[in-house]
Amino acid sequence: MIDLLLLGNGAMVPLPNRPLSALLMRINGSLVLFDCGEGTQVQMRKFHWGFRNLDAICLSHLHADHVAGLPGLFHTVANAGRTEPMHIYGPTGTIAVVQGLRVIADWLPYDMVMHELDDGDTFELLPGVRAGVRLGLHRIPCLGWRIAVDRAPAFLPAQARELGVPQTEWSRLQRGEVVTLGDVTVAPADVMGPPRRGVAFGFVTDTRVTPELRELVDGVDLLVCESTYGLVDDAEKAKEWGHMTLNQACGFGSEANVGGLWLTHFGGTIDDPALLAPAARALFPATTIGQPGLTTTLAFPTPAED
Ligand SMILES: [Zn+2]
Ligand SMILES: [Zn+2]
């Protein structure tokens, strides 16, 4: 189960009612932040998910509206009492940028472990949480993200009984251990059902739509995606600056068969993003105009939906 909170929905410069785009994820008590524009920590304080458990920060790219909030946030996490290492993931150049920002946040009571990622990399972000990235098409290297939580197959008690496994040994099998009963060996796979669908979301901002990104986020439960420009008329500007229009973002969500679409990273040419809702839903009905504080929980499907 993943909780998601959109902290901001702005692009380039923060506006009084449009903080810069950042997304917070919570799972099993851990927090992971996606992008950290100027003022992100103010939004984090407003919504009370805490600072101390911020285990990782994942960056799309290194433009200021996605990273300038880092040094202040580092201090606030330190003040919250964190001593465990914090992991930072981002594209090529992340180490140099974070080290530069650390000049004004030099002493911290926790270690910072930095990882620069390449196109197609996959890794374990947290225990049981898989992350994958693809390079998008922006003015500098920019990563699209897919985060997935797998679900363990169901334990089949009837199967275990049939194989003669006493109930006292069931938990060992559920933990993945092999159980030996006399000369019979029972493996976890012998008493587990078929693979079950987990949950997944995508975070894609500051890029054109590409086939690689479509593949990356194919079928996710939720896609959080930029819509820097609102109108078809701005298509040329979107192309020039490596962004999407609302029409392109909705088309992207539709083609990737996502379960839901949150639009964010609205540029200054959009006066009021909320007014775009009818047009967006006409293009892709599962679209929500992202506003600060928008939250959802991605839960494993109930047995009837499996
Ligand atoms: Zn941006
Ligand atoms: Zn950018």
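See the structure shown above.
Residues numbered from 1 in each chain as written. Chains lettered and ligands numbered in written order. Predicted model: local features only at pLDDT ≥ 70, side-chain atom pairs only at ≥ 80, totals over all residues. Heavy atoms only, no water.

### Overview of helix 4 (residues 94-101)
- Taken residue by residue, helix 4 has Thr94, Val98 and Leu101 as its buried positions. Buried residues along helix 4 cover an arc of 60° about the axis, so they all sit on one side.
- Lining the buried residues of helix 4 we find helix 2 (64-67), helix 3 (70-79), strand 5 (86-90) and strand 6 (112-116). (Buried < 20%, exposed > 50% of the residue type's maximum accessible area, 1.4 Å probe, protein only. Helix = DSSP H or I, 4+ residues; strand = E, 2+ residues; numbered from the N terminus. Arc of directions from axis to C-beta. Contact = heavy atoms within 4.5 Å.)

### Concerning helix 3
- Of all ten residues that make up helix 3, seven are buried, and the element is covered over most of its length.
- Looking only at helix 3, the buried set comprises Leu70, Pro71, Leu73, Phe74, Thr76, Val77 and Ala78.
- Gly81 sits one or two residues past helix 3 and shows a positive phi near 100°.

### Notes on the nonpolar core
- Met25, Phe34, Leu125, Trp145 and Phe201 are the most contacted members of the largest nonpolar core, which totals 29 residues.
- Looking at this core element by element, the count peaks at four residues for strand 9 (residues 143-151).
- Listed in part, the 27 residues of the second largest apolar core include Leu33, Phe51, Phe74 and Met112. (Core = buried A, V, L, I, M, F, W, Y, C linked by side-chain atoms within 4.5 Å.)

### Some remarks on the sheet that holds strand 16 (residues 295-298)
- Strand order in the open sheet formed by seven strands is 6-5-4-3-2-1-16, and the pairing between neighbours is mixed. Two strands close off the open sheet at either side, each with one partner strand: strand 6 and strand 16. Adjacent strand axes in the sheet meet at a mean angle of 20°, parallel and antiparallel pairs treated alike.
- Bridging between strand 4 (residues 54-58) and strand 5 involves three bridges; their strand directions are parallel. Within strand 5, the residue paired with Ile57 across the bridge is Ile88.
- On top of the sheet, helix 1 (residues 40-47) reaches strand 1 (2-8), strand 2 (22-27) and strand 3 (30-34); it is set at about 130° to strand 1, its chief contact. (Pairing = 2+ DSSP bridges. Axes fitted to C-alpha atoms, helices over the stretch in contact; angles between N-to-C directions.)

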